[in-house]
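Remarks on the overall topology
What follows is the residue order along each chain.
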Amino acid sequence: MTLTSFSPGFRGRPRAVTERLPPGQYPTESFPVLSAGPTPRVPTENWSFTVTTELGETRSWTWDQMMALPQQDTVADIHCVTRWSKFHTRWRGVSLDAFLEGLQTTAEHVVADSYGGYTTNLPLADLLGGRAWIAHTYDGYALSPEHGGPARLLVPHLYFWKSAKWVRGLRLTHEDDPGFWESAGYHNYGDPWREQRHWGD
Ligand SMILES: Nc1nc2c(c(=O)[nH]1)N[C@H]1C(S)=C(S)[C@@H](COP(=O)(O)O)O[C@H]1N2
Ligand SMILES: [Mo]
């Protein structure tokens, strides 16, 4: 069902809004802020993004280096496990493919780490194939701190808690290591179309 992550016009025939709403969700026009703790303020000159492999190899990008990578505009429907969905959100950022390409790894799992300490885990495969971004611009403006600026992970095909705000790095691992909400009983994978809200769903 990845097609439903994209707006009508991007792929295939236009979809009615009801077809774009996963089970148990309601659409909202507003953009709620959900943060488990205080909002970190990270100046772009202090920002960096680091990918660490299971062998301890690292690749890092400063803000300017990240901005020099190919930039993509993407439009996505986003789905929060608290049941709001927001259609047609517009982002600009760098595909995770650009950060991960050519990396030597046999890891299957990733933990995303944020400034402020939040973590979330997901399969490495879900970050590849043009389905995940480091997003720094929302609706044409620099991403606000409340929504994860200067940059956040954007993985719209999973519940929005997987889209780590204030992202600072990815750790590739062999063992699947549950993140903040996953350790608190939320689903390990979190597919909104299969309504994977909690462990056991
Ligand atoms: N670092 C961090 N990222 C986070 C969160 C958080 O508390 N801290 N909350 C998650 C949850 S539960 C959701 S629904 C979305 C909310 O993003 P928004 O505040 O931009 O709507 O961010 C996700 N990413
Ligand atoms: Mo959420």
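Let us look at the structure shown here. (Residues numbered from 1 in each chain as written. Chains lettered and ligands numbered in written order. Predicted model: local features only at pLDDT ≥ 70, side-chain atom pairs only at ≥ 80, totals over all residues. Heavy atoms only, no water.)

Our focus in this paragraph is the site of ligand 1. The environment of ligand 1 is formed by 20 residues, the closest being Pro-32, Ala-36, His-147, Arg-152 and Lys-165. Pro-32 is positioned such that a nitrogen or oxygen atom in its backbone is 2.6 Å from an oxygen atom of ligand 1. Here His-147 contributes a side-chain N or O atom positioned 2.6 Å from an oxygen atom of ligand 1. Protein contact buries 97% of the 530 Å² of open area that ligand 1 shows by itself. Grouping the constituent residues of the shell around ligand 1 by class yields 13 nonpolar, four polar and three charged. (Near = heavy atom within 4 Å. Polar contact = N/O pair within 3.5 Å; in protein donor to acceptor, adjacent residues only side chain to side chain. Areas by Shrake-Rupley, 256 points an atom, 1.4 Å probe, with all protein chains shown as cover. Nonpolar A, V, L, I, M, F, W, Y, C, P; charged D, E, K, R; others polar.)

What follows deals with the pattern of salt bridges. This model, assessed by the stated rule, comprises 10 salt bridges. The salt bridge involving Asp-139 is made with Arg-90; its shortest N-O contact spans 2.7 Å. Within this pair, whereas Asp-139 is found in the loop between strand 8 (133–138) and strand 9 (141–142), its partner Arg-90 is found in strand 5 (residues 84–95), the two being separated by 49 residues in sequence. The salt bridge involving Glu-195 is made with Arg-197; its shortest N-O contact spans 3.0 Å. Look at Arg-197 and you get buried, because its relative accessible area is 4%. If you follow the salt bridges from partner to partner, you end up with Arg-83, Glu-195 and Arg-197 in one network. (Salt bridge = Lys/Arg side-chain N within 4 Å of Asp/Glu carboxyl O. Helix = DSSP H or I, 4+ residues; strand = E, 2+ residues; numbered from the N terminus. Buried < 20%, exposed > 50% of the residue type's maximum accessible area, 1.4 Å probe, protein only.)

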